[in-house]
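Each chain, written out:
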Amino acid sequence: IEVDTFTMFSNSNHSRGSKYSQVRSYSDSDSDSSDDNIEEDDFIQREIRQQQMMMKQQDEGLEMLGQSADRLSKISMGIHEELGHQNKMLNEMEEDLDTATENLSLVTRKTKELIQKSGGKRNFIIIVALSVVMIILFFLVLYT
């Protein structure tokens, strides 16, 4: 079927031989081409729908990925805060341990001085042994 011709620019100069001319458009005259056009249109529409579905699925996937990233962000911030608290507690414990170590060193040094003042280890052992005997005798007197 032949399509009507048209003029690109219709004006009054056309009849006087202007530089613009008519353009003709043709299409095949057999009916197979119209069936092909319908099939092509159906194919194109199916492809468009399929691409739209794929884009929708990708959007849903991206949304889920974004939500997962948000959850991971919150979890990592919680872990960061917890590690901060635990580091603070470890630092405090280290300070307490340093203080206890200093106190223990002081007590050990004082004990050594006491042993030396009391006449050495032999006299210290005698004093400890007599103290234990005295405690035992005290309990015997109390329970008899």
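Residues numbered from 1 in each chain as written. Predicted model: local features only at pLDDT ≥ 70, side-chain atom pairs only at ≥ 80, totals over all residues. Heavy atoms only, no water.

Details of the overall build of the protein chain
Part 1 of the argument: When helices and strands are tallied, the protein chain shows two helices and two strands.
Part 2 of the argument: Going from N to C terminus, the protein chain has its helices and strands arranged as β-β-α-α.
Part 3 of the argument: The buried share among the 144 residues of the protein chain stands at 1%.
Part 4 of the argument: Taken as a whole, the protein chain presents about 13,500 Å² of accessible surface, with 59% of it coming from carbon and sulfur. (Helix = DSSP H or I, 4+ residues; strand = E, 2+ residues; numbered from the N terminus. Buried < 20%, exposed > 50% of the residue type's maximum accessible area, 1.4 Å probe, protein only. Areas by Shrake-Rupley, 256 points an atom, 1.4 Å probe, with all protein chains shown as cover.)

Comments concerning the confidence of the model for the protein chain
Part 1 of the argument: Overall, the predicted model of the protein chain reaches an average pLDDT of 81, with 76% of residues at or above 70.
Part 2 of the argument: In this model residues 1-16 is a low-confidence stretch, pLDDT under 50, and it forms 18 contacts with partners more than four residues away in sequence or in other chains.
Part 3 of the argument: Counted against residues more than four places away or in other chains, residues 25-30, with its pLDDT under 50, gives six contacts. (pLDDT = per-residue confidence, 0-100. Contact = heavy atoms within 4.5 Å.)

Overview of a nonpolar patch on the surface
Part 1 of the argument: On the surface, a cluster of nonpolar side chains totalling about 510 Å² of accessible area is made up of V128, V132, V133, I136, L137 and L140.
Part 2 of the argument: Its place among the elements puts V128 in helix α2 (residues 121-143).
Part 3 of the argument: Residue V128 is classed as partly exposed on the basis of its relative accessible area of 38%. (Patch = residues over 30% accessible without salt bridge, like charges linked within 9 Å, V, L, I, M, F, W, Y side chains within 5 Å. Salt bridge = Lys/Arg side-chain N within 4 Å of Asp/Glu carboxyl O.)

A closer look at a negative patch on the surface
Part 1 of the argument: There is a patch of like negative charges on the surface, built from D35, D36, E39, E40, D41 and D42.
Part 2 of the argument: For D42, the location among the structural elements is in helix α1 (residues 31-117). (Lys, Arg positive; Asp, Glu negative; His and termini not counted. Charge placed at Lys NZ, Arg CZ, Asp CG, Glu CD.)

Observations regarding the packing of aromatic side chains
Part 1 of the argument: All chains considered together, the criterion is met by two aromatic pairs.
Part 2 of the argument: With 6.1 Å between their ring centres and 65° between their planes, F138 and F139 make a pair best called edge-to-face.
Part 3 of the argument: With a relative accessible area of 51%, F138 lands in the exposed category.
Part 4 of the argument: When the ring of F139 is compared with that of Y143, the centres are 6.4 Å apart and the planes differ by 10°; the resulting orientation is stacked. Of this pair, F139 and Y143 both sit in helix α2, separated by four residues, roughly a single helical turn.
Part 5 of the argument: What links up through ring pairs into an aromatic cluster is the set F138, F139 and Y143. (Phe/Tyr/Trp six-rings, centres within 6.5 Å; stacked < 30°, edge-to-face > 60°.)

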